[in-house]
Amino acid sequence: MYRYDTTDQRIIDERVAQYRDQMARHLAGELSVDELRPLRLQNGLYIQRHGPMLRIAIPYGMLAAAQLRKLAEISRRYDRGVGHFTTRQNMQLNWPQLEETPDILGELASVEMHAVQTSGNCVRNITTDHFAGCAPDEITDPRPYCELLRQWSTFHPEFAYLPRKFKIAVNAAADDRAVIRAHDIGLDVVIDDTGEIGFRVFVGGGLGRTPILGKLIREFLPRRHLLSYLDAILRVYNRYGRRDNMYKARIKILVQALGIEEFARQVDAEWSYLQDGPTMVPDAEFARIAHHFAPPPWETLPAEDSAHAARLSSDKAFANWVKRCVHAHKTPGYAAVTLSLKAPGVAPGDITDAQMLAVADLADRFSFGELRVTHEQNVVLADVRQRDLYEVWQIARSHRLATANIGLLTDMICCPGGDLCALANARSIPIADAVQQKFDDLDYLYDIGDISLNISGCMNSCGHHHVANIGILGVDKNNEEWYQITVGGQQGNAATIGKVIGPSFYAQEVPLVIEALIDVYRENRGDSERFIDTLQRIGIEPFKARAYAGRDRRRAAKVDSNEKELVNA
Amino acid sequence: MPRIIKNESIVDDNWQVLTLAEGDTPESLRLPAEPALVPLAVWLARRDELIATQAPLGVWLDSHEGPEALAADIARFAVIGVNFPKFTDGRSYSSARLLRERYHYAGEIRALGDVLQDQIFYMRRCGINAYALRADKDIDKALAALRVFSETYQAAADQPQPLFRRRFAREAA
């Protein structure tokens, strides 16, 4: 993975000193709350429901074992021993002390980490495929492009005060695992007929209050022009994006207002001045960065390990785990492993300090000392020998990291919601917990098969509910928590925004509604059809009808929104 | 006399920043004897008069006003102001870069409005070289903030070569 040189390190060290001074001035009364706000946000610090929250950047999800150990140490020393992985592949600490945040950033800098631009109206952490570098369907490794963009976006002087936040994702595989069209800019790596590497560029996607899929703005952008073209897009957005209404300030609204053709024309006009300038990236720079992502020293191994095959047939629990949590690798004899952070009773994406240490040890012993955070809030060991899988499973299981549910109903994406987040309209973790309790039978989950269920506690849609087969959105009605349900969304190449099925539900109803939706699927599915396939074939109506059938019977008495017993449906 | 930061030192400054008050029109605005930055609308309405009567010439752009309107006359101005109505309004960063990098303006670009210590590093990178700091802020402390980072990744008005090009030049040397 990318390692800092002395310049990279100096920039991050100077950032810590800058932030330390800003906090000191704030505490001395020289920097007002309003003046501090964007400064702390661009260092990942939110002021939340119960206090501060610090969002630590994990650039494109890549972590070294030593970095995860540092996160474990920080979470123990400065927090409550738990970190939370987010859909931008970052980590949030929910209980730091405001005064200690400069020290935390100092600790992070000691392992080439930071919290730069994890919030604020600027370019956020670049995300990509968690199987980068090992996926069999990969065209090329996307991480060098992500790192190039990390450096370009870090303290970009022109784009630190954009109208609104700005998210970029990169995909370089046949199957998009980075939801690129749900981003302000989505980059799809392609190779043209002459063998030149470039990008299909999508712009104006985003979830949030107005979910829109990104539109194609450029069919082929040679990679040397990546930065100048993005400068052009960002400049048009910075100058003309709306600033009068924060709900209409994302680039998608500008693209929609102008139309993609006119927006593209303005970008091209801007780009014509920039494209052959010094920001053009020479091949030597791509090579320099790519060198950091050189493949690890894989051994030459047989494609099938016989001992592994024997264990698969003798140990059903292991076989189930392999089926859900082990993924194909482009190198014979190797596999990628997802460690599930979706164990029953645990908030999705949460990881304890002890688990962090265990994962770091697993990475060191079995996966060349590196790991990845997924936007689905799990952790991946990317380069595990097949013959080591059994031992990895046993160790992971002893740390509750081997729930065999990846891609199943309980592998939910879920934001922290109203328990922690000041923006939330409703709680999301209790809903996830209720779903986990209701659907705790693995055989039933295997029978349902591939399905995505995502939960967001408010319209900001951090939980990606719009692109889930079943999406749950917390809404506030007269100070009560309600949940709106969408169906038919999906990630991947056929990314689709889900449709709302109708009026929202009480919390207690949500697991029952999910069960009703799944019943419709099970009754109607054809051979090897997934939930989404059946839904697309028979349409939304049967699902809708079942979700609301018998609703009056189910509905509880008016719920006190302060009541804790939210899930005893 | 008010003090501003200019070319990395603190100097006395007698430029006035004119604004259109209620009832003023660009045509009716009274021009003072001292050097003045006039609103873009005044420049557009009274260009010939200003050229004939004002020396040195100054104009200021609000954050929604681009520098395009000044392109043909860019070399006439001693000072061009770019306004930050709120420090979170980032449009004038683009205006400043365009003035320097597209229109090759070599005179003073002055940040006006909600100008604070913690943004002036970015302003400097975008080509702004004078800062009328908000009156309630400590101008001496702000001066140091111009150099808060010793190295940067991107090409900008202050550094036409991105770090990746300079890294190679360094290695080749």
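Position numbers for residues count from 1 along each chain, tracking the sequence in the order it is written. Each chain is given a letter, starting from A, and each ligand a number, starting from 1, according to the order in which they appear as written. The model is predicted, so local features are restricted to residues of pLDDT at least 70 and side-chain atom pairs to those at 80 or more, both for listing and for counting; the totals for chains, interfaces and linings are taken over all residues.

### Let's talk about the overall build of chain B
And step 1. Starting at the N terminus, helices and strands are each numbered in turn, a helix being any DSSP run of H or I of at least four residues and a strand any DSSP run of E of at least two. Along chain B, the regular secondary structure elements total six helices and eight strands.
And step 2. Secondary structure elements of chain B, listed N to C terminal, follow the sequence β-β-β-β-α-α-β-β-α-β-α-β-α-α.
And step 3. Taken against the 2.2 N^0.38 rule, which gives 16 Å for 173 residues, the C-alpha radius of gyration of chain B at 17 Å falls within 12% of a compact globule.
And step 4. Projected onto its principal axes, the C-alpha coordinates of chain B cover approximately 60 × 35 × 25 Å.
And step 5. Placing a C-beta atom from the backbone of each residue, one calls two residues in contact when those atoms lie within 7 Å. Long-range pairs, those at least 24 residues apart, make up 47% of the contacts in chain B between residues at least 6 apart in sequence. Computation of the radius of gyration draws on C-alpha atoms, with the globule rule given as 2.2 Å multiplied by the number of residues to the power 0.38.

### What to know about the packing of helix 6 (residues 226–240) of chain A against helix 8 (residues 260–274) of chain A
Residues and elements named next belong to chain A.
And step 1. In this description, a line fitted to the C-alpha atoms serves as the axis of each element, helices being fitted only across the stretch in contact, and the angle between N-to-C directions of two axes falls anywhere from 0 to 180 degrees. Taken N-terminus to C-terminus, the directions of helix 6 and helix 8 make an angle of 130°; their axes are 8 Å apart at the nearest point. By the angle between their axes, helix 6 is oblique relative to helix 8. Helix 8 is crossed by helix 6, and the crossing has right-handed handedness. Counted together, Ser228, Tyr229, Asp231, Ala232, Ile233, Arg235 and Val236 of helix 6 and Gln266, Val267, Glu270, Trp271 and Leu274 of helix 8 form the full contact between these two elements.
And step 2. A class-by-class count of the residues in the contact of helix 6 with helix 8 yields seven nonpolar, two polar and three charged. Every angle not falling under 35 degrees, over 145, or within 65 to 115 is termed oblique; those three ranges are roughly parallel, roughly antiparallel and roughly perpendicular. Left-handed describes a crossing whose near helix is turned anticlockwise from the far helix through less than a right angle; right-handed describes the clockwise counterpart. Only Asp, Glu, Lys and Arg are considered charged, only Ala, Val, Leu, Ile, Met, Phe, Trp, Tyr, Cys and Pro nonpolar, and every remaining residue, Gly among them, polar.

### Points about the domain arrangement of chain A
Residue and element names in this part refer to chain A.
And step 1. Reported domain spans reflect what an automatic or database domain assignment gives. Here chain A is partitioned into domain 1 (6–109), domain 2 (127–290), domain 3 (306–398) and domain 4 (413–554).
And step 2. Averaged C-alpha coordinates put domain 1 and domain 4 at centres separated by 33 Å.
And step 3. The interface of domain 1 with domain 4 comprises six residues on the first partner and seven residues on the second.

### Details of the interface of chain A and chain B
And step 1. Across the contact, 29 residues belong to chain A and 30 residues belong to chain B.
And step 2. Of the residues contributing to the side of chain A that touches chain B, the split by class is 13 nonpolar, eight polar and eight charged.

### Here we look at helix 3 (residues 65–78) of chain A
And step 1. Each helix should span, by expectation, one fewer than its residue count multiplied by 1.5 Å. The terminal C-alpha atoms of helix 3 of chain A, which comprises 14 residues, lie 20 Å apart, in line with the 20 Å expected from a rise of 1.5 Å per residue.
And step 2. Packed against the buried residues of helix 3 of chain A are strand 3 (62–64), strand 4 (82–85), strand 5 (91–93), helix 4 (101–109), helix 12 (353–366) and strand 14 (370–373) of chain A.

### Observations regarding the packing of helix 7 (residues 251–258) of chain A against helix 8 of chain A
Residue and element names in this part refer to chain A.
And step 1. Contact pair helix 7 / helix 8: the axes reach a minimum separation of 6 Å and the direction vectors enclose 110°. On the basis of their axis angle, the class for helix 7 and helix 8 is roughly perpendicular. Counted together, Leu254, Val255 and Leu258 of helix 7 and Ile260, Glu262 and Phe263 of helix 8 form the full contact between these two elements.
And step 2. Here the residues of the contact of helix 7 with helix 8 sort into five nonpolar, no polar and one charged.

### Side note on the sheet that holds strand 17 (residues 453–456) of chain A
For sheets, the rule is that strands pair by backbone hydrogen bonds, running either parallel or antiparallel.
All names here are of chain A.
And step 1. Across the sheet, five strands lie side by side as 16-17-18-19-20; this open sheet has mixed pairing. Whereas interior strands pair on both sides, the edge strands pair on one side only; in this sheet they are strand 16 (413–414) and strand 20 (499–500).
And step 2. Two strands pair if DSSP finds at least two bridges between them. As paired strands, strand 16 and strand 17 are joined by two bridges and run parallel to one another. Bridge pairing in strand 17 links Ile413 to Asn454.
And step 3. Seen against the sheet, helix 14 (residues 429–438) touches strand 16, strand 17, strand 18 (470–477) and strand 19 (480–487) and runs at an angle of roughly 155° to strand 17.

### Topic: the confidence of the model for chain B
And step 1. The pLDDT value tells you how sure the predictor is about a given residue, anywhere from 0 up to 100. Confidence in the prediction of chain B, expressed as mean pLDDT, is 95, and 99% of residues score 70 or more.
And step 2. Scored as a whole, the predicted complex attains pTM 0.95, and scored at its interfaces, ipTM 0.97.

### Some details on the environment of Ala495 of chain A
All names here are of chain A.
And step 1. By secondary structure assignment, the location of Ala495 is in the loop between strand 19 and strand 20.
And step 2. Among the residues examined, Ala495 registers 19 C-beta atoms within 10 Å and is labelled partly exposed.
And step 3. Placed 296 residues apart in sequence, Ala495 and Phe199 show a C-alpha to C-alpha distance of 18 Å.
And step 4. Discounting chain neighbours no more than four positions away, the residues touching Ala495 are Val179, Arg181, Ala182, Leu213, Val467 and Gln490. Counts of 20 or more other C-beta atoms within 10 Å of a residue's own C-beta define buried residues, counts of 12 or fewer define exposed ones, and intermediate counts define partly exposed ones; C-beta atoms are placed from the backbone.

### A few points about the pairing of strand 4 of chain A
Residue and element names in this part refer to chain A.
And step 1. Examined bridge by bridge, strand 4 and strand 13 (residues 350–352) share three bridges and lie antiparallel to one another. Bridging across to strand 13, Val82 finds its partner in Thr352.
And step 2. Two strands pair when backbone bridges link them, and strand 4 and strand 5 are joined in this way by two bridges, in the antiparallel orientation. Each bridged residue has a counterpart across the sheet, and for His84 the counterpart in strand 5 is Gln92.
And step 3. Between strand 4 and strand 5, which follow one another and run antiparallel, lie five residues, and Gln89 among them has a positive phi close to 65°.

### Regarding the confidence of the model for chain A
And step 1. Of all residues in chain A, 97% have pLDDT values of 70 or greater, and the mean over the chain is 95.
And step 2. Contacts for the low-pLDDT stretch residues 557–569 of chain A, under 50 throughout, to residues beyond four places or in other chains number 17 contacts.

### Notes on the environment of Glu101 of chain B
Residue and element names in this part refer to chain B.
And step 1. Structurally, Glu101 is set in helix 3 (residues 91–102).
And step 2. Of the residues examined, Glu101 has 18 C-beta atoms within 10 Å and is grouped as partly exposed.
And step 3. Glu101 sits 52 residues away from Tyr153 along the chain, and the two C-alpha atoms are 17 Å apart.

### Structural notes on the sheet that holds strand 15 (residues 379–385) of chain A
All names here are of chain A.
And step 1. The strand order 3-14-15-12-11 describes an open sheet built from five strands, whose pairing is antiparallel. The open sheet terminates on both sides in strands that have one partner only, identified here as strand 3 and strand 11 (326–328). Across the sheet, the axes of successive neighbouring strands diverge by a mean angle of 35°, strand direction being ignored.
And step 2. Here two bridges tie strand 14 to strand 15, and the two strands are oriented antiparallel to one another.

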